[in-house]
Amino acid sequence: MAESGARILVADDNKVNRLLLIRSLEQLGHRGAGAENGRLALELLEQQNFDLLLLDIAMPEMDGFQVLQHLTASPRLRDLPVIVTSALEDLDSVVRCIELGADDYLRKPVNPVLLRARVQSSLEKKRLRDEQREMVRRFATSEVEQDLERSGFALGGRHLTATVMFADLCGFTALCEQQSADETIELLNTYYTLMFDAISGQGGVINQMIGDGLMAIFGAPLPLADAGSRAVRAALEMIEMIELLNVERVAAGRAPLAIGVGLATGDVIAGYTGTQRRATYTCVGRTVNLAARLEAHTRVAAHAILVDDATRATLPAELATQALGAAQFKGIAGPTEVHAVAPRGAS
Amino acid sequence: MSEPTNDPIDLAVLEELQSSVGREFVDELIGTYLEETPALMAALGPARAAGEAAEFKRLAHSIKSSSSTFGAAELAGLARALELGGVPADGAPLAALDEAYGRAAARLAELRRG
């Protein structure tokens, strides 16, 4: 379902217009179907999968405006791209359609060159949107996914208290140089699988992966009780997973891996950033910055898991920490008290 | 109003349509137009009599839209005037529309065979 071979519904009460549009779409390599009013169009959209809707405004029974309103209200159909096709010269109608969520507008009689361009552009937007959703699905827990579905990927931020995690494979670049490209990708896939498992098992949401680094959030988009201790437990599990992986690696004559994890708790600004077409869930703010600095500091401090004061304060007695004293971090005002989390089983 | 010698169909528009979707398909489409449009035309009178402005506008809009597809410029222009002008006070504009449709339909039928 790239630019060609899409399934497109044409809603138009005028049979001549409907047949002509379907014919034009078929000539572009798509498969077209027709509906003679808005109500029938919605029925077809509910029953079958379409990649795009070409929608007339003036129709009996249910007009184009009403169809757009129904689409917006439906979680399944909200993201269906819509091109409004109408001979209405009235600019207000077009504006209203765009406000109601239509992606584009084509004047009738439809010019075949414009039709081709608009259809391709809308299908490409849909492909990007589907890709983005799939990414979020892969990264997010099912609760978050449902939250996203409900909010319709509503852009807009809010202040939240959350624990932010940064994790990174130590010496990854050097490792890449010693092994084949296939080995590197396979290693990353194994690494991410293990890390995702540990993080989502504790209710965290991974929202960024860059090379061998990842960022996860505990307590956003949905609130999470004991976010700090959950994040620390996830970090401990991640270390244990890496140790298990190392047993295999060393047995196969490969160098063992090490990861560094930084955790900070506090206020974050969280929300979907980007555009309506391409959005990603992001957290920003001092807490995020601090977690990244703590992760980088693991190499200096020679401890795998470092947390800030706010995270340490939330931990129960069985999660022991060691105070390492204050450190000064770039971009963070004043000294920061740094604590190392003792590995499980260690004294 | 158009001169009697004027072709009710803008042949350039029709030819462009033919080259874009195929002559045979355009012939079929003319058939559809000739089947569908009389019902729309016939519904205008009752909508005017009943003062159903929205329905009247929708019908005029539909006639304008498909007529302009084939280059029936005079007919499309009259339909557009009805669409934008609202329900007329008397039946004269509808009679003019009927006449224009008669001319456009006859010419399209001829072009379709030829």
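All values derive from a computational prediction rather than experimental measurement.

Asks: Can you help me understand the overall build of chain A in this one?
Replies: The number of helices and strands found in chain A is 11 helices and 13 strands. With 347 residues in all, chain A has 40% of them scored as buried. A separation of at least 24 residues holds for 66% of the contacts in chain A among residues at least 6 apart in sequence.

Asks: Honestly, the overall build of chain B in this entry has me stumped. Any pointers?
Replies: If you tally the helices and strands in chain B, you get five helices and zero strands. Ordered by position in the sequence, the α and β elements of chain B form the string α-α-α-α-α. Relative to its full complement of 114 residues, chain B shows a buried share of 37%. A sequence separation of at least 24 residues applies to 63% of the contacts in chain B between residues at least 6 apart.

Asks: I tried to follow the confidence of the model for chain B on my own but got confused; where do I start?
Replies: Detailed reading of the predicted model is not advised wherever pLDDT is low. For chain B, the average pLDDT comes to 92, and 95% of its residues sit at 70 or higher. Confidence, read as mean pLDDT per element, is least for helix α1 (residues 11-21) of chain B in chain B (93) and greatest for helix α2 (residues 23-49) of chain B (96).

Asks: Which parts of the structure should I look at to understand the pairing of strand β11 (residues 305-308) of chain A?
Replies: Successive residues of a regular strand alternate their side chains across the two faces of the sheet. All names here are of chain A. Burial along β11 is two-sided: the residues Ile305 and Val307 and Leu306 and Asp308 are all buried. Bridge count for β11 against strand β13 (residues 336-341) is three bridges, and the pairing is antiparallel. Note on β13: the bridge partner recorded for Leu306 is Ala340.

Asks: What am I meant to see in the packing of helix α8 (residues 181-201) of chain A against helix α9 (residues 227-251) of chain A here?
Replies: Packed helix pairs are characterised by how far apart their axes lie and by the angle those axes make with each other. Residue and element names in this part refer to chain A. Where α8 contacts α9, the axes come no closer than 8 Å and their chain directions differ by 150 degrees. The handedness of the crossing between α8 and α9 is right-handed. Counting all contacts with α8, which are made through Thr190, Leu194, Met195, Ala198 and Ile199, the residues of α9 involved are Ala234, Glu237, Met238, Met241 and Leu245. Partitioned by chemical class, the residues of the contact of α8 with α9 number eight nonpolar, one polar and one charged.

Asks: Please clarify how the interface of chain A and chain B should be interpreted in this entry.
Replies: Many analyses report the size of an interface as the accessible area lost when the parts associate. In this assembly, 16 residues from chain A lie in contact with 15 residues from chain B. The leading source of residues in the side of chain A that touches chain B is helix α1 (residues 15-27) of chain A, at eight residues. Counted by class, the side of chain A that touches chain B contains eight nonpolar, four polar and four charged residues.

Asks: Explain the sheet that holds strand β3 (residues 52-55) of chain A here, please?
Replies: Residues and elements named next belong to chain A. The strand order β2-β1-β3-β4-β5 describes an open sheet built from five strands, whose pairing is parallel. Each edge of the sheet is formed by a strand with only one pairing partner; in this case those strands are β2 (31-35) and β5 (104-107). The mean inter-strand angle of the sheet, taken between neighbouring strand axes irrespective of direction, is 20 degrees. Where strand β1 (residues 7-11) lies against β2, five bridges are found, and the strand directions are parallel. Along β2, the bridge assignment pairs Arg7 with Arg31.

Asks: Even after reading the chapter, I still don't get the nonpolar core, so can you show me in this structure?
Replies: Burial of nonpolar side chains together is a common tendency in soluble globular proteins. Counting residues in each nonpolar core, the largest one holds 62 residues, and the members touching the most others are Ala11(A) and Leu54(A). Examining the composition of this core, we find that seven residues originate from one element, α2(B), more than from any other. In contact with Leu54(A), not counting residues within four places along its chain, are Ile8(A), Val10(A), Ala11(A), Leu21(A), Ile83(A) and Thr85(A). Grouped together as the second largest cluster of nonpolar side chains are 48 residues, Leu160(A), Ala216(A), Phe218(A) and Cys283(A) included.

Asks: What should I look at first to understand the environment of Val87(B) in this one?
Replies: Residue and element names in this part refer to chain B. Mapped onto the fold, Val87 is located in the loop between α4 (73-85) and α5 (92-113). We classify Val87 as partly exposed; it has 19 C-beta atoms within 10 Å. Placed 40 residues apart in sequence, Val87 and Ala47 show a C-alpha to C-alpha distance of 8.4 Å. Beyond its immediate stretch of four places on either side in the chain, Val87 contacts Arg48, Gly51, Ala53 and Phe56.

Asks: Before we go on, may I ask you to explain helix α2 (residues 38-47) of chain A in this structure?
Replies: Residue pairs spaced three or four apart in an α-helix point in one direction, given the helix's 3.6 residues per turn. All names here are of chain A. For α2, the complete set of buried residues consists of Gly38, Ala41, Leu42 and Leu45. Buried residues of α2, viewed axially, fall in a sector of 100 degrees; they line one side. Away from the buried face of α2 by more than 90 degrees, exposed residues Glu43 and Gln47 are located. Summarising the contacts, the buried residues of α2 are in contact with β1, β2, β3 and α3 (64-73).

Asks: Please clarify how the environment of Ala326(A) should be interpreted in this entry.
Replies: Residue and element names in this part refer to chain A. As for its position among the elements, Ala326 is in strand β12 (residues 321-327). Here the alpha-carbon distance between Ala326 and Glu337, two residues 11 residues apart in the chain, equals 4.2 Å. Sequence-distant contacts of Ala326, that is, excluding residues within four places in its chain, are made with Pro335, Thr336 and Glu337.

Cut-offs applied
Residues numbered from 1 in each chain as written. Chains lettered and ligands numbered in written order. Predicted model: local features only at pLDDT ≥ 70, side-chain atom pairs only at ≥ 80, totals over all residues. Helix = DSSP H or I, 4+ residues; strand = E, 2+ residues; numbered from the N terminus. Buried ≥ 20, exposed ≤ 12 C-beta atoms within 10 Å, placed from the backbone. Contact = placed C-beta atoms within 7 Å. pLDDT = per-residue confidence, 0-100. Pairing = 2+ DSSP bridges. Axes fitted to C-alpha atoms, helices over the stretch in contact; angles between N-to-C directions. Left-handed = near helix turned anticlockwise from the far one by under 90°. Nonpolar A, V, L, I, M, F, W, Y, C, P; charged D, E, K, R; others polar. Core = buried A, V, L, I, M, F, W, Y, C linked by C-beta atoms within 7 Å. Arc of directions from axis to C-beta.

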